[in-house]
Amino acid sequence: MTDTILSVKNLTLDIPTGSGMLHAVRGIDFDLNRGETLSIVGESGSGKSLTALAVIGLLGISIQRRADAMRFEEVDLLKANRRTLRNLRGNRVAMIFQEPMTSLNPAYMIGDQLIETLKLHRTVSTEMARQRALELLEKVGITAAESRLGQYPHQLSGGLRQRVMIALALMCEPDLLIADEPTTALDVSVQSQILNLLGELRREFGLTYLFISHDLAVIEHLATRVAVMYLGRIVEEASVADLFDRPRHPYTRALLGSVLTPDPTQGVPETALGTAYPNPIDPPSGCAFHPRCPLATAHCKTVGPRPLHSPTGRVECHLEDPESPLFKGDTA
Ligand code: SF4
């Protein structure tokens, strides 16, 4: 039996702008089971980061959120008041961002920030919190942890700041860790160290991750399931193995084709994302991917595909729909 920790049903996010309503997220569903890593992947503007912010109640006040259901364990996130959400954040749900300074306060020493985070949510002495901070700094691979406690964020490198932010996120032993592009701003070598660290911490602490990324190469070794977002919709969801071995949606194949591989026999890009990303204020008719899809037909331009669910995942494409005139059987 699966243990669903987070469930989101028919989430829609609209942002009023001077040019019209921006449809950032257009009715998405996903469930996250305890111990797994669901990665939401898509280009900038696909709505993936806003989805993460919606989960933890950090949306800007101008953003209009609607959903049929949003639950984190026993908490109804649609009905939760600000106090409940504040208690959840940093405690049972932690978040790490692309830029560590989003979470770290430049005016306070690392040690104070770690200690205060734990004391805010738990009844512990300062000394106990300090010991926990030291333990976690060592766990995330920071040497000379004792002396780091007295340093300010600006005195650390980008990689060290990211490790401190991970330690900060783990202070209260969260059930769910939301990571939004946590390695994008880092050098490639530091990026792989942080990804390995996140994998080790997941195993050691039994963490559940919602991992946001624009880069399929980054999530390949960390995710257990992947949801591919395009223009506010999840167009494909599958286990990471299925998605990489048998991508079903043309957009997924295009994303995979854009991942550099040292072995040319591993696949040739079927599509290239040559044309510009559409404007979410005025999304294309029919299938929103049709202006960039090499397999699009006139039918795709007028009729949107329906979500097709199977025991192993889901996809939104006429070519995969047995009831569509465009059905081609197994196109993978
Ligand atoms: Fe391409 Fe048509 Fe499938 Fe959309 S529905 S992804 S345009 S083939």
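Sequence order as written defines residue numbering, which begins from 1 separately in each chain. Note on the predicted model: pLDDT of at least 70 is required for a residue's local features to be given, and 80 or more for side-chain atom pairs to be given and counted; whole-chain, interface and lining totals, by contrast, use all residues. Hydrogens and waters are ignored; side-chain quantities use all the structure's heavy atoms.

Colleague: Just checking my understanding: could you explain the environment of Ile 234 for this structure?
Modeller: Secondary structure elements are taken from DSSP: a helix is a run of H or I of four residues or more, a strand is a run of E of two residues or more, and numbering for both begins at the N terminus. Inspection of the secondary structure puts Ile 234 in strand β11 (residues 233-239). The cut-offs for exposure are 20% and 50% of the maximum accessible area for each residue type, with area from a 1.4 Å probe on protein chains only; residues under the lower value are buried, those over the upper are exposed, and the others partly exposed. When its relative accessible area of 4% is taken as the criterion, Ile 234 is described as buried. Each C-alpha atom of the pair Ile 234 and Arg 203 lies 27 Å from the other, and the pair is 31 residues apart in sequence. Contacts are residue-level and defined by heavy atoms, with any inter-residue pair within 4.5 Å sufficient. Not counting chain neighbours up to four residues away, the residues in contact with Ile 234 comprise Ile 28, Asp 29, Phe 30, Ala 227, Val 228, Met 229, Arg 314 and Glu 316.

Colleague: When you look at helix α7 (residues 188-205) in this model, what are you seeing that I'm missing?
Modeller: For an α-helix, the turn length of 3.6 residues means that residues three or four places apart are oriented alike. Over its 18 residues, α7 extends 26 Å from the first C-alpha to the last, a length consistent with the 26 Å expected when each residue adds 1.5 Å. Of the residues making up α7, those classed as buried are Val 190, Gln 191, Ile 194, Leu 195, Leu 197, Leu 198, Gly 199, Leu 201 and Arg 202. If you follow the buried residues of α7, they end up packed against β3 (37-41), β7 (93-96), α4 (126-139), α6 (158-170), β9 (208-213) and α8 (216-219). Between the first and last residue of a helix there are one fewer steps than residues, each counted as 1.5 Å, and that sum is the expected span.

Colleague: Would you explain the pairing of strand β1 (residues 4-17) in this entry?
Modeller: Residues in a regular strand point their side chains to alternate faces of the sheet. Whether two strands pair comes down to DSSP finding at least two bridges between them. When β1 meets strand β2 (residues 20-33), the two strands line up antiparallel, connected through 11 bridges. Each residue of the ladder has a partner; that of Leu 11, found in β2, is Ile 28. Hairpin remark: β1 followed by β2, antiparallel, with two residues in the connecting loop. Sheet topology note: the β1/strand β5 (residues 69-72) ladder contains four bridges and is antiparallel. Paired with Lys 9 across the strands is Ala 69, a residue of β5. The sheet contact formed by β1 and strand β4 (residues 64-66) spans three bridges and is antiparallel.

Colleague: Explanation requested: the pattern of salt bridges in the structure shown.
Modeller: A side chain of one charge can pair with a side chain of the opposite charge when the charged atoms of the two come close. We define a salt bridge as a contact between a side-chain nitrogen of Lys or Arg and a carboxyl oxygen of Asp or Glu at a distance within 4 Å. Tallying each qualifying case throughout the model produces 22 salt bridges. Among the salt bridges present, the one from Lys 48 reaches Glu 181, with a minimum N-O distance of 3.9 Å. Note that Lys 48 is positioned in helix α1 (residues 48-55) and Glu 181 in the loop between β8 (176-180) and α7, a separation of 133 residues in sequence. Residue classification places Lys 48 among the buried residues on the basis of a relative accessible area of 5%. In this structure, a network of salt bridges that share partners links the residues Asp 3, Arg 34, Glu 73, Glu 74, Arg 92 and Asp 175.

Colleague: Looking at this structure, I do not really get the sheet that holds β11. What am I missing?
Modeller: Working definition: the strands of a sheet are paired by backbone hydrogen bonds and lie parallel or antiparallel to each other. The strand order across the open sheet formed by eight strands is β7-β8-β9-β3-β10-β11-β13-β12, and the pairing between neighbours is mixed. Each edge of the open sheet carries a strand with a single partner, namely β7 and β12 (308-310). For this sheet, the mean angle separating the axes of adjacent strands, direction not counted, is 20 degrees. Taken together, the five bridges between β3 and β9 define a ladder with parallel strand orientation. Within β9, the position partnered with Val 41 by the bridge is Ser 213. Axis definition: a line fitted to C-alpha atoms, over the contacting stretch in the case of helices. Angles run 0 to 180 degrees between N-to-C directions. Across the sheet, α7 lies against β3, β7 and β9, angled at about 160 degrees from β9, the strand it touches most. The sheet contacts of helix α10 (residues 250-257) involve β3, β10 (225-230) and β11, and relative to β10 the element is tilted by about 105 degrees.

Colleague: Could you clarify how one ought to interpret the packing of aromatic side chains in this entry?
Modeller: Both the distance between ring centres and the angle between the ring planes are used here to describe each pair of aromatic rings. For this analysis, a ring pair means two rings from Phe, Tyr or Trp (six-membered ring only for Trp) whose centres lie within 6.5 Å, classed as stacked if their planes differ by under 30 degrees, edge-to-face if by over 60, and tilted for the remaining angles. One pass over the structure, following the stated rule, counts four aromatic pairs. With 5.2 Å between their ring centres and 65 degrees between their planes, Tyr 251 and Phe 289 make a pair best called edge-to-face. Taken together, the positions of Tyr 251 in helix α10 and Phe 289 in the loop between α10 and α11 (298-302) put the pair 38 residues apart, joining distant regions of the chain. We note that Tyr 251, like Phe 289, is buried. Here the aromatic residues Tyr 230, Tyr 251, Tyr 277 and Phe 289 are joined through ring pairs into a cluster of three or more.

Colleague: Please explain helix α3 (residues 110-121) as it appears in this structure.
Modeller: For α3, built from 12 residues, the straight-helix expectation of 16 Å at 1.5 Å per residue is met to within 8% by its first-to-last C-alpha distance of 18 Å. Among the residues of α3, Ile 110, Gly 111, Gln 113, Leu 114, Ile 115, Thr 117, Leu 118 and His 121 are the ones counted as buried.

Function cannot be inferred from these measures alone, as they are strictly geometric.
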